[in-house]
Amino acid sequence: SGAGVLRADLTGRRVVVSAGGTREPLDPVRYLGNRSSGRQGFALARVAAARGAEVTLVAANVDLPAPFGVRVVPVGTAEELRAAVLAEAGSGGGVTADVVVMAAAVADFRPATVAATKLKKKDDPSEVPVVSLVRNPDVLAELVTKRAPGQLVVGFAAETGDEAGDVLAHARAKLARKGCDLLVVNDVSGGGVFGRPDNAAVVLAADGSATEVPHGTKDAVAAGVWQTVLPRLA
Ligand code: CTP
Ligand code: CA
């Protein structure tokens, strides 16, 4: 199946993809957010649908058109994303997805309290507010513990190397910690991927294998990720 050949190798598969970045409100007008554009997640959903899958895209604050043939469930916060992803994955019972891909950037923390009214400055310029944070649930870890038999769970990780280890060392540790089947790793050391149309990745598997997905458009990277997922589907 080379270039230009229509593939329907995901026909009959139920796929859930999360994309974008969660926003955690501070007050009615402000939030803590991140730079995820949702492009890679949208590409994964678009390519899966084009290859015959029944795709639900849980989209956190994404300003992109819905991919053709994809059902989009919009969410805002990590808690909303958690509820939507677990429901669509079938983690609470009902119809289960064959594969769940967590491409969304989920906020690790949220403000401990959300002000009901807009936060105002004080007259004294030295008086600044202190924002207390609490941990958000880890949706990927919860998917792993609640998954249906045979359901494949795919995580994403944007990593940089540091004094503790290189990108792949951090990624392998994360894969082990999260317990998912596959981890799609982006090297963000150069700072280049956010909001850009192109990408590259390495897909690490729980069995120890590493598959390189060469640099290309986010659709091309999505196709490479599905190529790695495909032989692992039940
Ligand atoms: N993830 C999640 N829920 C969270 C945080 C992350 O489901 N609260 C998912 C992301 O969607 C991604 C994977 O976990 O698929 C890895 O996210 P990442 O932020 O790299 O992992 P963390 O465990 O949060 O580690 P770090 O401290 O490096 O941020
Ligand atoms: Ca994180």
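Residues numbered from 1 in each chain as written. Chains lettered and ligands numbered in written order. Predicted model: local features only at pLDDT ≥ 70, side-chain atom pairs only at ≥ 80, totals over all residues. Heavy atoms only, no water.

Quick notes on the overall build of the protein chain
Right, so step 1: A tally of helices and strands in the protein chain yields five helices and 12 strands.
Right, so step 2: Rg of the C-alpha trace for the protein chain: 19 Å, near the compact-globule value of 17 Å for 234 residues, within the 12% margin.
Right, so step 3: Expressed as lengths along the three principal axes of its C-alpha atoms, the size of the protein chain is roughly 70 × 45 × 35 Å.
Right, so step 4: For the protein chain, the share of sequence-separated contacts (at least 6 apart) that also reach a separation of at least 24 residues comes to 64%.
Right, so step 5: Summing over all exposed atoms, the protein chain offers an accessible surface of approximately 12000 Å²; the carbon and sulfur share of this is 54%.
Right, so step 6: Each charge class in the protein chain was averaged separately, 26 positive and 25 negative side chains, and the resulting centres sit 3 Å apart. (Helix = DSSP H or I, 4+ residues; strand = E, 2+ residues; numbered from the N terminus. Rg over C-alpha atoms; globule rule 2.2 N^0.38 Å. Contact = heavy atoms within 4.5 Å. Areas by Shrake-Rupley, 256 points an atom, 1.4 Å probe, with all protein chains shown as cover. Lys, Arg positive; Asp, Glu negative; His and termini not counted. Charge placed at Lys NZ, Arg CZ, Asp CG, Glu CD.)

Some words on the pattern of salt bridges
Right, so step 1: Enumeration according to the criterion identifies 12 salt bridges in this entry.
Right, so step 2: The partner of R14 in a salt bridge is E54, and the shortest N-O contact between them spans 2.8 Å. A residue pair is termed long-range when its members are at least 10 positions apart, and R14 in strand β1 (residues 14–20) and E54 in strand β4 (residues 54–60) qualify at 40 residues.
Right, so step 3: The class of R14 is partly exposed, set by a relative accessible area of 24%.
Right, so step 4: According to the relative accessible area criterion, E54 is exposed, its value standing at 51%.
Right, so step 5: Residues joined in a network through salt bridges with shared partners are R82, E142 and K146. (Salt bridge = Lys/Arg side-chain N within 4 Å of Asp/Glu carboxyl O. Buried < 20%, exposed > 50% of the residue type's maximum accessible area, 1.4 Å probe, protein only.)

Overview of the site of ligand 1
Right, so step 1: If you check the shell around ligand 1, you find 14 residues, and the closest are M102, A104, P137, L140 and K174.
Right, so step 2: Interatomic distance of 2.9 Å between a side-chain N/O atom of D108 and an oxygen atom of ligand 1.
Right, so step 3: Starting from 570 Å² of accessible surface for ligand 1 in isolation, the protein chains cover 76%.
Right, so step 4: For the shell around ligand 1, the secondary structure elements donating two or more residues are α3 (139–146), β9 (152–159) and α4 (167–178).
Right, so step 5: Residues that form the shell around ligand 1 fall into these classes: nine nonpolar, one polar and four charged. (Near = heavy atom within 4 Å. Polar contact = N/O pair within 3.5 Å; in protein donor to acceptor, adjacent residues only side chain to side chain. Nonpolar A, V, L, I, M, F, W, Y, C, P; charged D, E, K, R; others polar.)

Some points on the sheet that holds strand β5 (residues 71–75)
Right, so step 1: In spatial order, the strands read β5-β4-β1-β6-β9-β10-β11-β12; together these eight strands make up an open sheet with mixed pairing. Each end of this open sheet is capped by a strand with a single partner; those strands are β5 and β12 (210–217). For this sheet, the mean angle separating the axes of adjacent strands, direction not counted, is 20°.
Right, so step 2: By the bridge criterion, four bridges tie β1 to strand β6 (residues 99–102) in an arrangement that is parallel. From the neighbouring strand, V17 faces β6, where its bridge partner is V101.
Right, so step 3: Contacting β1, β4, β6, β9 and β11 (198–205), helix α1 (residues 39–50) runs over the sheet at an angle of about 170° to β4. (Pairing = 2+ DSSP bridges. Axes fitted to C-alpha atoms, helices over the stretch in contact; angles between N-to-C directions.)

Overview of α3
Every α-helix winds through 3.6 residues per turn, so residues three or four apart in the chain are directed the same way.
Right, so step 1: Along α3, the residues that are buried comprise V139, L140, E142, L143 and V144.
Right, so step 2: Buried-residue contacts for α3 involve α2 (78–89), β6, β9 and α4.
Right, so step 3: By the N-cap criterion, in which a side-chain oxygen at the helix start approaches the backbone nitrogen of a residue two or three places on, α3 is capped by D138, the distance to L140 being 3.2 Å.

Examining the packing of α1 against helix α5 (residues 218–229)
Right, so step 1: At their nearest, the axes of α1 and α5 sit 8 Å apart, and the two run at 60° to each other. When the interaxial angle is binned, α1 and α5 end up oblique. The crossing of α1 and α5 is right-handed. Together, R39, Q40, A43, L44, R46, V47 and A48 of α1 and K218, D219, V221, A222, A223, V225 and W226 of α5 make up the contact between the two elements. (Parallel < 35°, antiparallel > 145°, perpendicular 65-115°, else oblique. Left-handed = near helix turned anticlockwise from the far one by under 90°.)

Some remarks on the pairing of strand β2 (residues 24–27)
Two faces make up the sheet, and in a regular strand the side chains alternate between them.
Right, so step 1: Two strands pair when backbone bridges link them, and β2 and strand β3 (residues 30–32) are joined in this way by three bridges, in the antiparallel orientation. Bridging from a neighbouring strand, D27 pairs with R30 of β3.
Right, so step 2: Linkage of β2 to β3, two consecutive antiparallel strands, is achieved through a turn of two residues.

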